[in-house]
Structures are given as C-alpha cells and as structure tokens.
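# Chain and residue survey
Chain by chain, the residues run as shown.
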Amino acid sequence: MEHILEAIQAGASGEELANLPIPESFRAAFVKRDEADMFEGVPSADKDPTKSIHIDDVPTPELEHDEVYVAVMASSINFNTVWTSIFEPLPTFGFLQRLGRESESARRHDQPFHVMGSDASGVILQVGSEVRNWKPGDRVTVHCNHVDDQDPTAHDDSMLALNQRIWGFETNYGGLADLSIVKANQLMPKPTHLTWEEAAVNALCNSTSYRMLVGRNAARMKQGDVVLVWGATGGIGGYAIQYILNGGGTPIGVVSSPERVQLLNDMGCEAVIDRRAEGYQFWKDEHTQDESEWRRFGKKIRELVGEDPDIIFEHPGRSTMGASVFAVKRGGTVVTCAATSGYMVEFDNRHLWMKLKRLISSHFANYHEAAAANKLICQGKIHPIMSDVYPLDRVGEAALAVHQNKAEGKLGVLCLAPEEGLGIDDPEFRERVGEDKITLYRNR
Ligand code: NAP
C-alpha cells in the first residue's frame, strides 16, 4: 500500500488513484477462526484482546459492482471490537458463514480470519460498475450499516432489513486495516475540518446516539426533556450528551470517576452522578435486586434536576436496567441499544405498566440517520470525542483499554495515516468551530 499512500500524500487526482494497482494483500487486524476457543474457561473480564488480535497481511477480495475500495487512513475501536476479540457472546465466524451462504459474492466474507473494525475515514481508490455518487479520490467516512438494497425489507427503515448487518462485525473486511471494501451506501463525506483520526471515530457511535435520541425511530427527544445517560463519557454517551445539550434538553450524566465528572462539566453538563462515589448496589447478589437502591438513585436524580427523567439512555444492561425502568418518569422512555454487563436483564414490570413507561430498542442507524448525524459533524455542531490514538499494530492494547473501561470517549487508530494531525482540508473552518471543542477529550 506504500505507493497508494505516497500518491494520496502527493495529492494525486482521482484518475491517477484509480489507475494505481490494488495490491494482492494488505495489512489488517483480525482474529482467527481456529483460535475462537482460546479463552474457554477464562472469566470475561480477564479475556485479553492483545492475545487474540493479529496484525498481518490478508488477501485482497474482489470488488463487487456496488462496492468501493477505500484506502483506510484511520479507524477506531468500538465495543464490538472487544466482543469480536474476546469471542463473546459468540465467535463472529458464525456471522461470516451465514453471510457467505447468501450469495456467490458474499462467499468472500467466509474466511478463517475476520478483519474487524466498524469505522473508517479514507480515500476511495476504485469504484464498482454500479456506483454512481462516489468516485476515486473522494475523501470519505464510512458508516457500518451493511444492507443489500435489492431486498424489499431494506426499503422502509433499512435497520429492519432481514439482511441487515454491521460491517466489520457481522461482515469481513472491516475498517481496522489499510484497505477495505464497503458498499457505496455506506459512504459519507469526510468532515473537512477534522484530521483523519478525528473523522474516523464518529460514525458508529454518533449515528447510534442520533437514532436513539434524535431520529424518528426511537426515543424522539424534544426540547425541555430531562435525559439520563449512563456511561456519559463513553463512546455513545459522549455523543448523547452533545445531542441533549444541542436539542434544548437537560442531561444527567452518570460516570464512575471524578475525572469523568469534570469532563462532563467541561462539556456543559451540570447534573452529574458519580456512580462509584455513590456506591450504588442495585443487585444485592447475583439473583436479587435491591429496590431501596433504585429509590436512592431516583432521589439523587430529583435532587439534581427536580424531576424524574423523560428518557433514560440505557446500554449497561443487566447492572442498570432495573434502576432505569424504576427511575424514568411516569410515561417516560427507556431506550436501549446494548447490554455491556449482561443481556439477561431484569426489571419490575409493575413499574413499567402501572406507570405507562415505554422500553424501546434501538440499533445502529439507517443511512438517512447516519448521514444526518455525519452532517452535524461536518457542520461543527457535534464534535469528535477522541481521547487517544493508537497505531494499527497496537489495536489489541486499544481494545483492552476499552474492555477494561479505562478509555474516555473514543480511541482512534492510525491505519495508512503515518502520523496524527493529517487530513485537515479546511483549517479556517476548524478555527471557527474551535480547537478547544474538537479536542476536548484529547487534551486532558
Ligand atoms: P464504552 O466507550 O466502553 O462506554 C461505556 C460506558 O458505560 C463506560 O464508559 C462506563 O462508564 C459505562 N458502564 C460500563 N459498565 C457499566 C455498568 N456495569 N454500570 C453502569 N455503567 C457502566 O462503550 P460504548 O462505545 O459507549 O458502547 C456501550 C455499549 O453499547 C456496548 O455494549 C456496545 O457494544 C453497545 N453499542 C451498541 C450499538 C448498537 O448499534 N446497538 C452501537 C454502539 C455501541 P462509567 O464507568 O464512567 O459509568
């Protein structure tokens, strides 16, 4: 990929890039099918992504008519990178096999290796014959909603498509690599004021939070809503807080350290709960929840903002769902997209039905939502929450930091980009948006 990087750095035209040969193999971060049981018997918290993630060359797949080759300049770690690398709740090779059975071209995905990664920023090198709106040389970010648009189920809300998948998690050839294949309907313009790594960290988490709170498919937050956000300086939480502040709501951020409390205050979120300092024990033991602790949590919220939350932004799952269903306002909404601490959740259904609360599920975002969320980044109205950057060959360490809840916001990964700080196309606009806002998580 050296010649490609040189051409990009030299400002080669789209036509010149399109004429460069695509190498037969490329560097990628992947897990191996024959190692999927390597952590058997190891407690989840001790499963170490540095042991399962390999960095090496993999063969380049053929390009389909509706796909493009992207020279990946940067990518990011998502929690699904952790899931893939610790083979939980299932090894991802089952997803690849199922995809491989769907069509002749999908068979490319079913390999003994799985190239991970569901975010990318980069440059288009070549486009398939049916790609209309994008061309070689375009600087792009990639969202991870992978759907086959020749299926009617994909044409209302594409997240409802029967063949909907997350690129780089349920498909092969993800973004943690020097090269990727993506469908043309995953492409979005790269924000001109951001570096490659700042541009790469947003799409998955930003779009997820957009759908959960702003889009018409989930909680549909409105001005004046009080919204409680678990993990409020985490990947999805850090964008959620920005949407609430932008949208005229009142955020309550829950975090687990004084540093995170400070970070939220610096974002403009005044109502913050340090769950560790409060010492909440929602579960008395593995089988029993403690309603008095739910009450103590609810009381704290009322002390802070004077009322119960209209919306609770839920993703820890088993640890917190009981408390979330209890604490949300009568008639309010708990919106969930995940279960980091366990997916067999438990709550007191009386609090749900007697108080007419709603529990809504949400999952990533359709193209329309992802594009709307990307537009807000491009306009400098939502900012990247990147706290650190790793080179591709240290992806395992980065995934371990996320697994151990040691990282704030998002971690960027340099793929082809040789160093941080490259890729800004519009420095004047960057100045207008404000370096302090763009780098709030980075410069601490
Ligand atoms: P992250 O960056 O690791 O942030 C998660 C935050 O949750 C942490 O910062 C932590 O904050 C908090 N947390 C962790 N365990 C907790 C617990 N037991 N109780 C309360 N809070 C806890 O991860 P992320 O990127 O935000 O993703 C969060 C979850 O959403 C993951 O499970 C991920 O797979 C999922 N997700 C789903 C989608 C989707 O489309 N469905 C998209 C993105 C992410 P404090 O320790 O500071 O409280």
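Computed from a prediction, not measured in an experiment: that's the story for all the values here. (Residues numbered from 1 in each chain as written. Predicted model: local features only at pLDDT ≥ 70, side-chain atom pairs only at ≥ 80, totals over all residues. Heavy atoms only, no water.)

## Some remarks on the site of the ligand
As a matter of local geometry, the ligand sits amid 26 residues, with Ser256, Arg260, Arg275, Thr340 and Phe364 nearest to it. A distance of 3.0 Å separates a nitrogen atom of the ligand from a polar atom in the side chain of Ser319. Contacts to the ligand include Thr340, whose side-chain N or O atom sits 2.7 Å from an oxygen atom. Here the ligand loses 89% of its free accessible area of 910 Å² to cover by the protein chains. Counting only elements with at least two residues in the shell around the ligand, the list comes to helix 4 (79-86), helix 7 (203-213) and helix 8 (235-246). (Near = heavy atom within 4 Å. Polar contact = N/O pair within 3.5 Å; in protein donor to acceptor, adjacent residues only side chain to side chain. Areas by Shrake-Rupley, 256 points an atom, 1.4 Å probe, with all protein chains shown as cover. Helix = DSSP H or I, 4+ residues; strand = E, 2+ residues; numbered from the N terminus.)

## Overview of the domain arrangement of the protein
Each assigned domain of the protein is listed with its residue range as follows: domain 1 (2-204 + 366-377 + 384-438) and domain 2 (219-361). Taking the mean C-alpha position of each, domain 1 and domain 2 sit 30 Å from one another. Contact with domain 1, which involves 16 residues of that partner, is made by 13 residues of domain 2. The junction of domain 1 with domain 2 conceals about 1000 Å² of combined surface from both sides, 53% of it contributed by carbon and sulfur atoms. Looking only at domain 1, the three residues that lose the most surface to domain 2 are Ile385, Asn405 and Glu408, adding up to 46% of its buried area. (Domains from an automatic or database assignment. Contact = heavy atoms within 4.5 Å. Buried area = accessible area lost by both parts, 1.4 Å probe.)

## Some remarks on the pattern of salt bridges
Under the definition given, this model contains 29 salt bridges. The partner of Asp138 in a salt bridge is Lys135, and the shortest N-O contact between them spans 2.9 Å. By relative accessible area, which is 51% here, Lys135 ends up exposed. Across the salt bridge formed by Arg350 and Asp348, the nearest N and O atoms sit 2.5 Å from each other. (Salt bridge = Lys/Arg side-chain N within 4 Å of Asp/Glu carboxyl O. Buried < 20%, exposed > 50% of the residue type's maximum accessible area, 1.4 Å probe, protein only.)

## Focus on the sheet that holds strand 11 (residues 226-229)
Spatially, the six strands line up as an open sheet ordered 13-12-11-16-17-18, and their pairing is parallel. Each having just a single partner strand, strand 13 (271-274) and strand 18 (358-361) make up the two edges of the open sheet. Each neighbouring strand pair of the sheet contributes to a mean axis angle of 20°, computed without reference to strand direction. With four bridges connecting them, strand 16 (residues 311-314) and strand 17 (residues 333-336) associate as parallel partners. Opposite Phe313, over in strand 17, you have Val335 as the bridge partner. Sheet strands touched by helix 11 (residues 291-305): strand 11, strand 12 (250-255) and strand 13. Its angle to strand 13, the strand with the most contacts, is close to 150°. (Pairing = 2+ DSSP bridges. Axes fitted to C-alpha atoms, helices over the stretch in contact; angles between N-to-C directions.)

## Some remarks on the pairing of strand 13
Burial of strand 13 is two-sided: the residues Ala271 and Ile273 facing one way and the residues Val272 and Asp274 facing the other way are all buried. Summarising the sheet, strand 12 and strand 13 pair through four bridges and their orientation is parallel. Across the sheet, residue Val255 finds its bridge partner in strand 13, namely Asp274. At this point the chain moves from strand 12, through helix 9 (residues 258-267), to the parallel strand 13, and the crossover so formed is right-handed. (Right-handed = clockwise from strand over helix to strand, strands pointing away.)

## Concerning the state of the cysteines
Note on terminology: disulfide describes a covalent bond linking the sulfur atoms of two cysteines. Per the stated rule, a full pass over the model turns up zero disulfides. Free of any disulfide, Cys269 has its nearest neighbouring cysteine sulfur in Cys205, separated by 18 Å. On the basis of relative accessibility, which here comes to 0%, the residue Cys269 falls in the buried class. Free cysteine Cys378: the closest other cysteine sulfur is in Cys144, separated by 17 Å. Given a relative accessible area of 22%, Cys378 falls into the partly exposed group. (Disulfide = S-S within 2.5 Å.)

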